[in-house]
Amino acid sequence: MRAMPSEDVRHEKDEADTEPPITQVNRTPTVGLDRPVPGVVSSVRRFRLRIVDGGEVGHVFESNGDRVQLGSHPLNDLLLDERTVSRFHCEVFVDEKGNPWVKDLGSRNGTVVDGVPIKEAALRSGSLLQLGRVSLRFELSGEKNRIPVSEQKSFGSLVGTSIAARSSFALMERAAASDSTVLLEGETGTGKSQAAESIHKLGARRSHSFLVVDCGAIPANLLESELFGHEKGAFTGADTRRIGVFEEAKGGTVFLDEIGELPTELQPKLLRVLESREIRRLGTNTYLPVDVRVIAATNRDLRAEVNAGRFRPDLYYRLAVFKIAVPPLRQRPEDIPPIAEKMLASLGVDPRVRESLKDPVFLAQLQRAAWPGNMRELRNHLERCVVMQETLEPGLEPEGSLPESHVAVDPRVPYPEARRRALDAFERAYVQALLELHHGKVAQAAESADIDRVHLYRLIKRHHLKD
């Protein structure tokens, strides 16, 4: 339940009470967990935000989870009705080690901590936060908030024993039991697509279709037809009628991957699907009802996209009905051994090679690595180890692999052109290495890289890598 610092949600003060009113927010937690109560809950240290200037001075907001979002949009946990505060200004949270932090969300006027402008910074009890004209004091409490943790060490195709993983599993279990729109947030390669499919398979719509649309892999002019369909003759080349995924799902689930890449002109149409459950094919004025659940995923912070004007706030509001953060591997190194074992089993590895890759020394190396590409990078590394039949150290390429690509930078070239050249060089090197790893098998390569097979074919054709 969302709470705001307004009169109707304040707790009444006792005559003997000298403390200002405290507002709590019942928010679905993500990470930032302490030692768990076995099988049921974990806990995170509680904190308070006290307004000291520029707003409702003296008002105190108390956390009821591991993070609090501040801004001028009603979707925030702490609503600051001040024009110098951005829609989604900043977020205060407690990390997996119990340390408090504040992160600016791409706000217009920035976030200042103890007089220093920051993007992300550690907090101490007593730190002063400046958001536009509003000043707040951060205070740590001696009390703790209880956070649900799943009793299971897996959810669908996902595995994990860590508190960070099991807290996300607890939220996924709730999502599977409901029919609400879900927004999965997390870095590239954390397993958001696996989470979406698992939520579908464990939900009430499991007997119906699960359709995937990668919003970042399809050109804008084709994406509209992919989503909503078109009538014959709607545009040049539309020789037949096409049914879009929202119609095709027929009681199932549509997974919109990389929703942050959705073009602005299509955002109002998706909003209508979420609000009215109806679509209009290209080339017709008739709206058709659809019965579909929507799960979306993004590796971007959509709140920053809203602040920048690239994402509609009303669409974000509809998507964020149920938010789940999928934690990166660096926050849960204890999960790497079971994840690696599951990956090796799926690769059909020779038992002898598989045993060598389960060596404790090798697994300890995997746990110490940073894995910026998360599970996708881990899988690729394990596949290299299988091909080379040796335990390669993370970060070190086997002999004969492609050398790192160094792109020459010419500041005389306009930035858009320089960026295009660098991206082309990366794409070519990555796709070439990917095809070599999988011996030219495009379907297997696309699954390993977690990209759509059609998109991989486009990259191959663009860079002339395969007939």
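Residues numbered from 1 in each chain as written. Predicted model: local features only at pLDDT ≥ 70, side-chain atom pairs only at ≥ 80, totals over all residues. Heavy atoms only, no water.

> Can you walk me through the nonpolar core in this structure?
Within soluble globular proteins, side chains that are nonpolar generally end up buried alongside one another. In terms of nonpolar packing, the biggest core is built from 40 residues, with Met172, Leu184, Ile199, Ile324 and Leu378 touching the most fellow members. Among the elements that line this core, the one with the most residues is helix H1 (residues 163-176), at six residues. Leave out the neighbours within four places in its chain, and Ile324 touches Ser168, Leu171, Met172, Ala175, Val182, Leu183, Leu184, Glu185 and Ile199. By size, the runner-up hydrophobic cluster in this structure holds 35 residues, among which are Leu105, Leu256, Ile259 and Leu274. (Core = buried A, V, L, I, M, F, W, Y, C linked by side-chain atoms within 4.5 Å. Buried < 20%, exposed > 50% of the residue type's maximum accessible area, 1.4 Å probe, protein only. Helix = DSSP H or I, 4+ residues; strand = E, 2+ residues; numbered from the N terminus. Contact = heavy atoms within 4.5 Å.)

> Would you mind showing me how to read the packing of aromatic side chains here?
Between two aromatic rings, the relevant description is the distance of the centres plus the angle of the planes. Evaluated as defined, the whole model comprises four aromatic pairs. Taking 6.2 Å as the distance between ring centres and 15 degrees as the angle between the ring planes, the aromatic pair formed by Phe210 and Phe255 counts as stacked. Separated by 45 residues along the polypeptide, Phe210 in strand E16 (residues 210-214) and Phe255 in strand E17 (residues 253-257) bring together distant segments of the chain. In this pair, the class of Phe210 matches that of Phe255, namely buried. (Phe/Tyr/Trp six-rings, centres within 6.5 Å; stacked < 30°, edge-to-face > 60°.)

> How should I be thinking about the sheet that holds strand E15 (residues 182-185) in this particular structure?
Hydrogen bonds between backbone atoms are what pair the strands of a sheet, whose relative direction is either parallel or antiparallel. A sheet is described by the order of its strands in space; here five strands give the open sequence E16-E17-E20-E15-E21, paired in parallel fashion. Each edge of the open sheet carries a strand with a single partner, namely E16 and strand E21 (322-325). The sheet shows a mean angle of 20 degrees between the axes of neighbouring strands, direction not considered. (Pairing = 2+ DSSP bridges. Axes fitted to C-alpha atoms, helices over the stretch in contact; angles between N-to-C directions.)

> Looking at this structure, I do not really get the sheet that holds strand E10 (residues 120-122). What am I missing?
Spatially, five strands are ordered E5-E4-E6-E7-E10 in an open sheet, and the strand pairing comes out mixed. With one partner strand each, in any of the chains shown, strand E5 (78-79) and E10 form the two edges of the open sheet. Across three bridges, the pairing between strand E7 (residues 100-104) and E10 is antiparallel. Each residue of the ladder has a partner; that of Val102, found in E10, is Ala121.

> Can you help me understand the packing of helix H13 (residues 442-449) against helix H14 (residues 453-462) in this one?
Helix-helix packing is characterised by the crossing angle of the two axes and by the distance between the axes. Close contact between H13 and H14 brings their axes to 9 Å; oriented N to C, the two are set at 110 degrees. Here H14 runs roughly perpendicular to H13, going by the angle between their axes. Judged by residue contacts, Val442, Ala443, Ala445 and Ala446 of H13 engage Arg453, Leu456, Tyr457 and Ile460 from H14. Looking at side-chain class alone, the contact of H13 with H14 contains seven nonpolar, no polar and one charged residues. (Parallel < 35°, antiparallel > 145°, perpendicular 65-115°, else oblique. Nonpolar A, V, L, I, M, F, W, Y, C, P; charged D, E, K, R; others polar.)

> Help me understand the pattern of salt bridges, please; the structure alone is not making it clear to me.
It is possible for side chains of opposite charge to pair when their charged atoms get near one another. Under the criterion given, the structure shown has 28 salt bridges. The closest approach of N and O atoms between Glu247 and Arg281, which form a salt bridge, is 2.8 Å. You can see Glu247 sitting in helix H4 (residues 245-249) and its partner Arg281 sitting in the loop between strand E18 (278-279) and strand E19 (288-289), a full 34 residues away along the chain. Accessibility assignment for this pair places Glu247 and Arg281 in one class, buried. The residue Asp335 makes a salt bridge to Arg332 at a minimum N-O spacing of 3.1 Å. For Asp335, a relative accessible area of 0% corresponds to the buried category. When salt bridges with common partners are traced through the structure, they connect Asp66, Arg67, Glu91, Lys103, Asp301 and Arg303 into a single cluster. (Salt bridge = Lys/Arg side-chain N within 4 Å of Asp/Glu carboxyl O.)

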